[in-house]
Amino acid sequence: MKHVVAIVIATLSSITAVAINSDTSFKKYEQIIPGSEVKFIMVPVAGGSFLIGSATADANKENDEAPQHEIKISPFWMGEKEVTFEEYLTFFADESVSRNSKVDAVTRPSIPYVDPAAAVGGDDQTYPAINVKQFGALMYCRWLYKKTGIFFRLPSEAEWEYAAKAGSATAYPFGNDASELGEYAWYKDNSSDSLHHGKLKKPNAWGLYDMLGNAQEWVLDQYQEDYYTSLEKAVDPVRVPEVKHPLVVRGGSFKSDAAELRSANRIPSDLEWSKSDPQMPKSKWWSTDAPFVGFRIVRPVKQPTPAEAEQFFKTYTGR
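Here the structure is a predicted model, which is why all the values come from computation and not from measurement.

Reading guide: rules and limits
Residues numbered from 1 in each chain as written. Predicted model: local features only at pLDDT ≥ 70, side-chain atom pairs only at ≥ 80, totals over all residues. Heavy atoms only, no water. Helix = DSSP H or I, 4+ residues; strand = E, 2+ residues; numbered from the N terminus. Rg over C-alpha atoms; globule rule 2.2 N^0.38 Å. Buried < 20%, exposed > 50% of the residue type's maximum accessible area, 1.4 Å probe, protein only. Areas by Shrake-Rupley, 256 points an atom, 1.4 Å probe, with all protein chains shown as cover. Lys, Arg positive; Asp, Glu negative; His and termini not counted. Charge placed at Lys NZ, Arg CZ, Asp CG, Glu CD. Polar contact = N/O pair within 3.5 Å; in protein donor to acceptor, adjacent residues only side chain to side chain. Pairing = 2+ DSSP bridges.

When its secondary structure is counted, the chain shows five helices and 14 strands. Here the chain has a C-alpha radius of gyration of 18 Å; the compact-globule value for 319 residues is 20 Å, and the two agree. Each principal axis of the C-alpha distribution contributes one length, and for the chain these read about 55 × 45 × 40 Å. Taken across its 319 residues, the chain has 54% of its residues classed as buried. Element-wise, carbon and sulfur atoms account for 52% of the exposed surface of the chain, whose accessible area totals about 13,500 Å². Both charge centroids of the chain, one from 35 positive and one from 42 negative side chains, sit 5 Å from each other.

And the structure:
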């Protein structure tokens, strides 16, 4: 059952208010994590307008995907693929940051109750990072900001859908025919119930891989069933979380059926994803029962000031 929560709508520009251009060369580039040999590719996503939500003609449309509204999105870079264990565990292993959750500093992830990489064999760190909670994904972004001086974050739900649709107006970025889905995504019908390496399927029209299927991806927003009713003429909207649950993941996973992989499909987080965690309170970092949930990151073209970046992370993580 999908949940309903009270409306608190903001825009990303209001959270990071007086922004500055950080880079005038808006093109695909490779980012190296300082102090390591780990690197990842960021793909430019030009700003523009699009119809958020599902068309009336979509037979699989759900109530929380309506009504459609034309909204505007500012330009950003997005990870070419989902963040890998290699990238996330570089953060986990960084001895320069603390595991003391009470200090006012970047903290490393807690020791996981179960091996989060067990679902993919444990040793191969090039798979998408899974079992990570939204908090862990955001703290990774904060750590990456401290390491690089570049502000990275999760995409908003609107940014994610804009990037996933890649200029399309159909159920999937390649059209409405789900029979073509296997060329672009790992899902229930072709995954053998297993996570796969990134970039093994075709990218969408904007060069983004695995936006659909493989691992579901955290976004910034609180889940709210009637959220789209508030988005008329919106610019860079985001539903700032007021409570810890439910949040939003997008894209479906290797366990999902074809309808769940539609670009407009919205998925609320589930407390069952941490059911096996015996800790009290349960870990903020790891979802022990979610080997199908990961994340990818974005870099806004308009970078916030240091004070605004710190306020952003405080708003979303309390740190």
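Let us keep going from here.
Time to look at the environment of S269. Tracing the sequence through the fold places S269 in the loop between β11 (266–268) and β12 (293–294). Within the structure, the side chain of S269 is placed 3.2 Å from the side chain of H245, a separation counted as a polar contact. A distance of 2.8 Å separates the side chain of S269 from the backbone nitrogen of L247, its partner in a polar contact.

Below, the discussion takes up unusual backbone geometry. Following A66, the chain continues into P67 via a peptide bond in cis, with omega recorded as 0°. Within the element layout of this structure, P67 appears in the loop between β5 (48–52) and β6 (69–73). The residue A166 is not glycine, and still its phi comes out positive at about 50°. Along the chain, the position of A166 falls in the loop between α4 (157–165) and β8 (216–222).

Turning to the pairing of strand β7 (residues 76–79), a few remarks are in order. Of the two faces of β7, the one lined by F76 and M78 and the one lined by W77 and G79 are each fully buried. Looking at chain direction, strand β4 (residues 39–45) and β7 are connected through four bridges and run antiparallel. Following the sheet pairing, P44 is matched in β7 by W77. Bridging between β7 and strand β13 (residues 298–300) involves three bridges; their strand directions are antiparallel. Across the sheet, residue F76 finds its bridge partner in β13, namely P300.

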